Amino acid sequence: MKAQIAALLIVAVTVGQAAKFPDSFSRCNQEDGKCLLAAITATFRGFYKGLPEIGLVPLDPLRIDKMDIVQGDGPINIELNFRKVDLVGFREAQIKKASGFTANPTKMELNLLVPVASLIGGYKINGKVLILPIQGQGSSNMTMVNCDITLKWVGKLVDKNGKQFFQVEKSKANFDTSRFYMDFTNLFNGDKALGDNMNVFLNENWQDILKELKPAIAAAFTKIFEAVVSNVFNKVPYSELYLA
(Lines give C-alpha, C1' and ligand atoms only; values in the text may rest on other atoms or scores of the structure.)
Protein backbone atom coordinates (compact mmCIF):
# COMPACT_ATOMS: atom_id res chain seq x y z
CA MET A 1 0.00 0.00 0.00
CA LYS A 2 1.23 3.47 -0.78
CA ALA A 3 0.00 6.99 -1.26
CA GLN A 4 1.55 9.48 -3.65
CA ILE A 5 0.59 13.13 -3.69
CA ALA A 6 1.65 16.34 -5.40
CA ALA A 7 0.04 19.49 -4.05
CA LEU A 8 -0.14 22.91 -5.69
CA LEU A 9 1.34 24.63 -2.68
CA ILE A 10 4.29 26.46 -4.25
CA VAL A 11 5.05 30.01 -3.16
CA ALA A 12 8.10 32.23 -3.64
CA VAL A 13 10.54 32.24 -0.75
CA THR A 14 12.28 35.52 -0.03
CA VAL A 15 14.86 34.74 2.60
CA GLY A 16 15.70 37.54 4.96
CA GLN A 17 12.89 39.87 3.89
CA ALA A 18 10.63 40.86 6.77
CA ALA A 19 7.09 39.55 6.45
CA LYS A 20 4.29 42.08 6.37
CA PHE A 21 1.53 40.95 8.70
CA PRO A 22 -1.91 42.53 8.27
CA ASP A 23 -3.13 44.54 11.24
CA SER A 24 -5.83 41.94 11.85
CA PHE A 25 -3.36 39.04 11.97
CA SER A 26 -3.01 37.69 15.53
CA ARG A 27 0.43 36.99 16.96
CA CYS A 28 1.31 35.77 20.45
CA ASN A 29 4.18 35.60 22.87
CA GLN A 30 6.09 32.36 22.62
CA GLU A 31 4.69 29.56 24.79
CA ASP A 32 1.41 31.43 25.41
CA GLY A 33 -0.71 28.37 24.77
CA LYS A 34 -4.10 30.01 25.21
CA CYS A 35 -3.24 32.81 22.81
CA LEU A 36 -1.82 30.37 20.25
CA LEU A 37 -5.04 28.34 20.15
CA ALA A 38 -7.08 31.47 19.49
CA ALA A 39 -4.59 32.95 17.02
CA ILE A 40 -4.25 29.84 14.86
CA THR A 41 -8.01 29.34 14.85
CA ALA A 42 -8.40 33.00 13.81
CA THR A 43 -5.93 32.41 10.95
CA PHE A 44 -8.04 29.56 9.58
CA ARG A 45 -11.20 31.67 9.90
CA GLY A 46 -9.90 35.03 8.72
CA PHE A 47 -7.19 34.13 6.21
CA TYR A 48 -8.48 30.91 4.64
CA LYS A 49 -8.00 32.54 1.22
CA GLY A 50 -4.27 32.63 1.89
CA LEU A 51 -1.75 35.26 2.89
CA PRO A 52 1.14 35.40 0.37
CA GLU A 53 3.07 37.88 2.53
CA ILE A 54 3.84 35.10 5.01
CA GLY A 55 3.76 32.15 2.62
CA LEU A 56 0.30 30.96 3.67
CA VAL A 57 -1.42 29.26 0.73
CA PRO A 58 -5.23 29.22 0.40
CA LEU A 59 -6.57 26.78 2.98
CA ASP A 60 -10.20 26.60 1.91
CA PRO A 61 -10.36 25.39 -0.71
CA LEU A 62 -6.92 23.81 -0.59
CA ARG A 63 -6.16 22.79 -4.18
CA ILE A 64 -4.42 19.43 -4.68
CA ASP A 65 -3.22 18.81 -8.21
CA LYS A 66 -2.60 15.09 -7.90
CA MET A 67 -3.30 12.47 -5.24
CA ASP A 68 -2.97 8.72 -5.74
CA ILE A 69 -4.07 6.06 -3.25
CA VAL A 70 -2.87 2.56 -4.10
CA GLN A 71 -4.11 -0.27 -1.90
CA GLY A 72 -2.64 -3.54 -3.06
CA ASP A 73 -3.54 -6.15 -0.47
CA GLY A 74 -6.29 -7.20 1.92
CA PRO A 75 -10.04 -6.92 1.33
CA ILE A 76 -9.59 -3.68 -0.62
CA ASN A 77 -7.41 -3.78 -3.71
CA ILE A 78 -7.73 -0.55 -5.65
CA GLU A 79 -5.88 2.19 -7.48
CA LEU A 80 -7.66 5.47 -6.80
CA ASN A 81 -6.36 8.54 -8.64
CA PHE A 82 -7.53 12.08 -7.88
CA ARG A 83 -6.80 14.99 -10.20
CA LYS A 84 -7.35 18.69 -9.54
CA VAL A 85 -9.31 18.16 -6.34
CA ASP A 86 -10.18 20.67 -3.62
CA LEU A 87 -10.05 20.00 0.11
CA VAL A 88 -12.77 22.19 1.62
CA GLY A 89 -14.08 22.92 5.10
CA PHE A 90 -10.95 24.11 6.88
CA ARG A 91 -12.17 27.67 7.35
CA GLU A 92 -14.30 26.20 10.18
CA ALA A 93 -11.36 24.43 11.84
CA GLN A 94 -11.10 24.69 15.62
CA ILE A 95 -7.61 24.37 17.06
CA LYS A 96 -7.72 22.13 20.14
CA LYS A 97 -3.99 21.86 20.89
CA ALA A 98 -0.83 23.72 19.91
CA SER A 99 2.41 22.69 21.58
CA GLY A 100 6.15 22.98 21.04
CA PHE A 101 6.11 26.60 19.83
CA THR A 102 9.06 27.54 22.03
CA ALA A 103 12.10 29.77 21.64
CA ASN A 104 14.19 26.79 20.48
CA PRO A 105 11.67 24.38 18.95
CA THR A 106 12.34 20.77 18.01
CA LYS A 107 8.96 19.03 18.20
CA MET A 108 5.66 20.73 17.40
CA GLU A 109 2.08 19.51 17.40
CA LEU A 110 -1.28 20.82 16.23
CA ASN A 111 -4.63 19.16 16.86
CA LEU A 112 -7.62 20.54 15.00
CA LEU A 113 -11.25 19.61 14.58
CA VAL A 114 -12.91 20.23 11.22
CA PRO A 115 -16.71 19.83 11.43
CA VAL A 116 -17.06 18.79 7.76
CA ALA A 117 -14.02 18.15 5.53
CA SER A 118 -14.63 17.23 1.88
CA LEU A 119 -12.32 16.20 -0.96
CA ILE A 120 -14.09 17.17 -4.19
CA GLY A 121 -12.94 16.78 -7.79
CA GLY A 122 -11.99 14.37 -10.54
CA TYR A 123 -11.20 10.71 -9.90
CA LYS A 124 -10.36 7.44 -11.60
CA ILE A 125 -10.71 4.10 -9.82
CA ASN A 126 -10.06 0.48 -10.67
CA GLY A 127 -9.93 -2.63 -8.52
CA LYS A 128 -11.98 -4.44 -5.90
CA VAL A 129 -13.72 -3.22 -2.73
CA LEU A 130 -14.44 -6.01 -0.26
CA ILE A 131 -16.15 -8.57 -2.52
CA LEU A 132 -17.13 -6.33 -5.43
CA PRO A 133 -15.21 -5.08 -8.49
CA ILE A 134 -15.19 -1.31 -9.02
CA GLN A 135 -14.12 0.90 -11.91
CA GLY A 136 -15.00 4.32 -13.19
CA GLN A 137 -13.86 7.84 -13.97
CA GLY A 138 -15.69 11.09 -13.25
CA SER A 139 -16.27 13.46 -10.34
CA SER A 140 -16.18 12.46 -6.69
CA ASN A 141 -16.93 13.69 -3.19
CA MET A 142 -15.37 12.11 -0.12
CA THR A 143 -16.59 13.78 3.07
CA MET A 144 -15.57 13.28 6.70
CA VAL A 145 -17.71 14.54 9.57
CA ASN A 146 -16.02 15.67 12.80
CA CYS A 147 -12.61 15.18 11.27
CA ASP A 148 -10.11 15.25 14.16
CA ILE A 149 -6.61 15.76 12.74
CA THR A 150 -3.33 15.63 14.65
CA LEU A 151 -0.23 17.03 12.95
CA LYS A 152 3.21 16.44 14.40
CA TRP A 153 6.54 17.56 13.01
CA VAL A 154 10.15 17.77 14.09
CA GLY A 155 12.87 20.09 12.89
CA LYS A 156 15.35 22.73 13.92
CA LEU A 157 16.28 26.37 13.53
CA VAL A 158 18.73 27.09 10.72
CA ASP A 159 20.57 30.31 9.87
CA LYS A 160 19.83 32.00 6.53
CA ASN A 161 21.31 35.39 5.76
CA GLY A 162 21.67 36.24 9.43
CA LYS A 163 18.17 35.16 10.47
CA GLN A 164 16.84 31.92 11.89
CA PHE A 165 14.18 29.91 10.07
CA PHE A 166 12.52 26.74 11.26
CA GLN A 167 13.25 23.79 8.99
CA VAL A 168 10.79 20.90 9.02
CA GLU A 169 12.66 17.60 8.80
CA LYS A 170 9.93 15.03 9.43
CA SER A 171 6.18 15.13 9.90
CA LYS A 172 3.22 12.85 10.50
CA ALA A 173 -0.55 13.26 10.38
CA ASN A 174 -3.27 11.12 11.90
CA PHE A 175 -7.04 11.55 11.87
CA ASP A 176 -10.33 10.17 13.14
CA THR A 177 -13.83 10.82 11.90
CA SER A 178 -17.33 10.02 13.10
CA ARG A 179 -18.65 9.43 9.57
CA PHE A 180 -17.16 8.91 6.12
CA TYR A 181 -19.29 9.53 3.02
CA MET A 182 -18.37 8.62 -0.56
CA ASP A 183 -19.98 9.54 -3.86
CA PHE A 184 -18.52 8.64 -7.26
CA THR A 185 -20.23 9.61 -10.51
CA ASN A 186 -19.96 7.67 -13.77
CA LEU A 187 -19.02 4.33 -12.24
CA PHE A 188 -19.03 1.33 -14.58
CA ASN A 189 -18.97 3.47 -17.73
CA GLY A 190 -22.06 5.39 -16.71
CA ASP A 191 -24.29 2.43 -15.83
CA LYS A 192 -26.61 4.24 -13.41
CA ALA A 193 -28.04 1.16 -11.72
CA LEU A 194 -24.62 -0.37 -11.04
CA GLY A 195 -23.16 3.00 -10.01
CA ASP A 196 -26.00 3.81 -7.60
CA ASN A 197 -25.78 0.35 -6.03
CA MET A 198 -22.02 0.66 -5.62
CA ASN A 199 -22.33 4.07 -3.92
CA VAL A 200 -24.92 2.60 -1.54
CA PHE A 201 -22.61 -0.33 -0.84
CA LEU A 202 -19.64 1.96 -0.17
CA ASN A 203 -21.57 4.09 2.31
CA GLU A 204 -23.13 1.13 4.09
CA ASN A 205 -19.65 -0.33 4.60
CA TRP A 206 -17.77 2.91 5.21
CA GLN A 207 -16.20 1.78 8.49
CA ASP A 208 -14.55 -1.30 6.94
CA ILE A 209 -13.46 0.69 3.89
CA LEU A 210 -12.02 3.56 5.93
CA LYS A 211 -10.12 1.12 8.15
CA GLU A 212 -8.30 -0.17 5.08
CA LEU A 213 -7.74 3.23 3.43
CA LYS A 214 -6.88 5.20 6.57
CA PRO A 215 -3.08 4.72 6.44
CA ALA A 216 -2.96 5.90 2.82
CA ILE A 217 -5.22 8.90 3.50
CA ALA A 218 -3.12 9.81 6.58
CA ALA A 219 0.04 9.63 4.45
CA ALA A 220 -1.56 12.02 1.95
CA PHE A 221 -2.58 14.39 4.75
CA THR A 222 1.02 14.29 6.02
CA LYS A 223 2.41 15.52 2.69
CA ILE A 224 -0.31 18.14 2.24
CA PHE A 225 0.09 19.75 5.63
CA GLU A 226 3.87 19.47 5.72
CA ALA A 227 3.90 21.57 2.55
CA VAL A 228 1.54 24.15 4.09
CA VAL A 229 3.54 24.44 7.30
CA SER A 230 6.92 24.48 5.55
CA ASN A 231 5.82 27.29 3.22
CA VAL A 232 5.24 29.58 6.18
CA PHE A 233 8.39 28.57 8.05
CA ASN A 234 10.48 29.02 4.89
CA LYS A 235 9.04 32.49 4.28
CA VAL A 236 9.11 34.06 7.74
CA PRO A 237 12.02 34.13 10.24
CA TYR A 238 10.91 32.15 13.25
CA SER A 239 11.10 34.97 15.77
CA GLU A 240 8.92 37.20 13.58
CA LEU A 241 6.02 34.79 13.91
CA TYR A 242 5.66 36.00 17.51
CA LEU A 243 5.31 39.28 19.32
CA ALA A 244 8.63 40.91 20.17
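Everything in this summary refers to the structure shown in the same document.

All right, on to the overall build of the chain then. In terms of regular secondary structure, the chain is built from 3 helices and 8 strands. Each helix and strand of the chain, placed in order from N terminus to C terminus, yields the pattern β-α-β-β-β-β-β-β-β-α-α. Against the compact-globule benchmark of 18 Å for 244 residues, the chain has a radius of gyration of 20 Å, which places it among compact chains. A principal-axis box enclosing the C-alpha atoms of the chain has dimensions of 60 × 30 × 30 Å. By the burial criterion, 47% of the 244 residues in the chain qualify as buried. Within the chain, contacts between residues at least 6 apart in sequence are counted, and of these 71% link residues at least 24 apart. For the chain, the accessible surface area stands at approximately 12000 Å², while carbon and sulfur atoms represent 52% of it.

So, on to empty space enclosed by the protein. Counted according to the given criterion, the structure contains 4 cavities of 30 Å³ or more. Quantified by volume, the largest cavity comes out at close to 560 Å³. Along its surface, the largest cavity is lined by 24 residues, and I40, T43, F101, L110 and V232 are the ones closest to its centre. Secondary-structure elements contributing two or more residues to the lining of the largest cavity are α1 (33-46), β5 (107-129), β6 (132-160) and α3 (206-235). A breakdown of the residues in the lining of the largest cavity according to their chemical character gives 21 nonpolar, 2 polar and 1 charged. By volume, the second largest cavity is sized at about 120 Å³. Along the wall of the second largest cavity there are 14 residues; nearest its centre are M67, L119, M144, I217 and F221.

Below, the discussion takes up the nonpolar core. Membership of the largest hydrophobic core comes to 77 residues, with the highest contact counts inside it found for W153 and F221. Of all the elements, α3 adds the most residues to this core, at 15 residues. Apart from the residues within four sequence positions on either side, W153 is in contact with F101, T106, K107, M108, L110, F166, V168, K170, S171, V229 and F233.

Turning our attention to the environment of F188. Considering the arrangement of structural elements, one finds F188 in the loop between β8 (179-184) and α2 (192-204). In this structure, F188 is in contact with P133, I134, Q135, G136, L194, G195 and M198, ignoring residues within four places of it in sequence.

This next bit is on the pattern of salt bridges. Under the defined criterion, the tally for this structure stands at 10 salt bridges. Measuring nitrogen to oxygen at the nearest pair gives 3.2 Å for the salt bridge that ties R91 to D60. Highlighted residues: R91 in the loop between β3 (76-88) and β4 (94-99) and D60 in the loop between α1 and β2 (62-71), separated in sequence by 31 residues. In this structure D60 comes out as buried when scored by relative accessible area, which is 6%. Its salt-bridge partner being D176, residue K214 comes within 2.6 Å of it at the nearest N-O pair. With K214 in helix α3 and D176 in strand β7 (residues 163-176), this residue pair connects regions lying 38 residues apart in the sequence. By relative accessible area, which is 48% here, D176 ends up partly exposed.

Before going further, it helps to spend a moment on α2. Taking 1.5 Å per residue, 13 residues should reach 18 Å; α2 reaches 18 Å between its end C-alpha atoms and fits that length. Check the buried side of α2 and you find it contacts β5, β6, β8 and α3. Here α2 starts with a cap whose side-chain oxygen sits 3.2 Å from the backbone nitrogen of A193, and that cap is D191.

Scoring rules and cut-offs
- Residues numbered from 1 in each chain as written.
- Predicted model: local features only at pLDDT ≥ 70, side-chain atom pairs only at ≥ 80, totals over all residues.
- Heavy atoms only, no water.
- Helix = DSSP H or I, 4+ residues; strand = E, 2+ residues; numbered from the N terminus.
- Rg over C-alpha atoms; globule rule 2.2 N^0.38 Å.
- Buried < 20%, exposed > 50% of the residue type's maximum accessible area, 1.4 Å probe, protein only.
- Contact = heavy atoms within 4.5 Å.
- Areas by Shrake-Rupley, 256 points an atom, 1.4 Å probe, with all protein chains shown as cover.
- 1 Å grid on protein atoms, 1.4 Å probe; cavity = no way out; pocket = protein on both sides within 12 Å on 5 of 7 lines; lining within 4 Å.
- Points joined across faces, edges and corners; volume = space filled by probe spheres on them.
- Nonpolar A, V, L, I, M, F, W, Y, C, P; charged D, E, K, R; others polar.
- Core = buried A, V, L, I, M, F, W, Y, C linked by side-chain atoms within 4.5 Å.
- Salt bridge = Lys/Arg side-chain N within 4 Å of Asp/Glu carboxyl O.
- Expected span 1.5 Å × (residues − 1).
- Polar contact = N/O pair within 3.5 Å; in protein donor to acceptor, adjacent residues only side chain to side chain.

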